[in-house]
Amino acid sequence: MDNLSSEELRGQLAVLEARAARLSLTRNHLQHQIDFGFESSTTREREREVSDERNELHEQIDSIRELLRMRESAA
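Just so you know, these numbers come straight off a predicted model, no measurement behind them. (Residues numbered from 1 in each chain as written. Predicted model: local features only at pLDDT ≥ 70, side-chain atom pairs only at ≥ 80, totals over all residues. Heavy atoms only, no water.)

With that settled, consider the overall build of the protein. Secondary structure assignment for the protein yields two helices and zero strands. Rg of the C-alpha trace for the protein: 16 Å, well past the compact-globule value of 11 Å for 75 residues, more than 25% over. Dimensions of the protein along its principal axes, counting C-alpha atoms only, are 55 × 15 × 15 Å. Residues classed as buried in the protein amount to 24% of the 75 residues present. Relative to all contacts within the protein whose residues are 6 or more apart in sequence, the contacts with residues 24 or more apart total 72%. Of the roughly 5,400 Å² of accessible surface on the protein, a fraction of 50% belongs to carbon and sulfur atoms. Of the charged side chains in the protein, 11 are positive and 16 negative, and the gap between their average positions amounts to 3 Å. (Helix = DSSP H or I, 4+ residues; strand = E, 2+ residues; numbered from the N terminus. Rg over C-alpha atoms; globule rule 2.2 N^0.38 Å. Buried < 20%, exposed > 50% of the residue type's maximum accessible area, 1.4 Å probe, protein only. Contact = heavy atoms within 4.5 Å. Areas by Shrake-Rupley, 256 points an atom, 1.4 Å probe, with all protein chains shown as cover. Lys, Arg positive; Asp, Glu negative; His and termini not counted. Charge placed at Lys NZ, Arg CZ, Asp CG, Glu CD.)

Evaluated as defined, the whole model comprises nine salt bridges. Close ionic contact of Arg 10 with Glu 7 constitutes a salt bridge, the shortest N to O distance being 3.9 Å. Of this pair, Arg 10 and Glu 7 both sit in helix H1 (residues 6–35), three residues apart, roughly one helical turn. When its relative accessible area of 58% is taken as the criterion, Glu 7 is described as exposed. Two residues, Arg 65 and Glu 17, come together in a salt bridge whose shortest N-O distance is 2.5 Å. Here Glu 17 lies in helix H1 and Arg 65 lies in helix H2 (residues 41–74), a separation of 48 residues in the sequence. (Salt bridge = Lys/Arg side-chain N within 4 Å of Asp/Glu carboxyl O.)

So, about the packing of H1 against H2. Between H1 and H2, the shortest axis-to-axis distance is 9 Å and the interhelical angle comes to 155°. It follows from the interaxial angle that H1 and H2 lie roughly antiparallel. Note that H1 runs across H2; the crossing there is left-handed. Grouping the amino acids of the contact of H1 with H2 by side-chain chemistry returns 13 nonpolar, 10 polar and 12 charged. (Axes fitted to C-alpha atoms, helices over the stretch in contact; angles between N-to-C directions. Parallel < 35°, antiparallel > 145°, perpendicular 65-115°, else oblique. Left-handed = near helix turned anticlockwise from the far one by under 90°. Nonpolar A, V, L, I, M, F, W, Y, C, P; charged D, E, K, R; others polar.)

This paragraph deals with the environment of Thr 26. Structurally, Thr 26 can be placed in helix H1. Looking at Thr 26, the relative accessible area reads 32%, which means it is partly exposed. For Thr 26 and Val 50, which are 24 residues apart along the polypeptide, the C-alpha to C-alpha distance reads 7.5 Å.

Laid out in C-alpha cells, this is it:
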C-alpha cells in the first residue's frame, strides 16, 4: 500500500467504503430477520460471516485513512 499514490489510496478507500456500506445493509437485514424470529442456523451463520468480513474491511479502511493522514501531515 505504501507504493500507491495518495490518489490511488483515496480511490481504494472509496471502493472499500462502498463495499462496507453494502455489507452493512446485508448485515442489518439479517439482524432484523434474527430479531423478529425469522432466523435459521444459516441466517446466524451468514450474519457472522458478513460481520467478520465487514470488520476486516473496516480494519483496511482505518489503515488507509491512517496512511493518508500520515502523508498529509508530512507534506
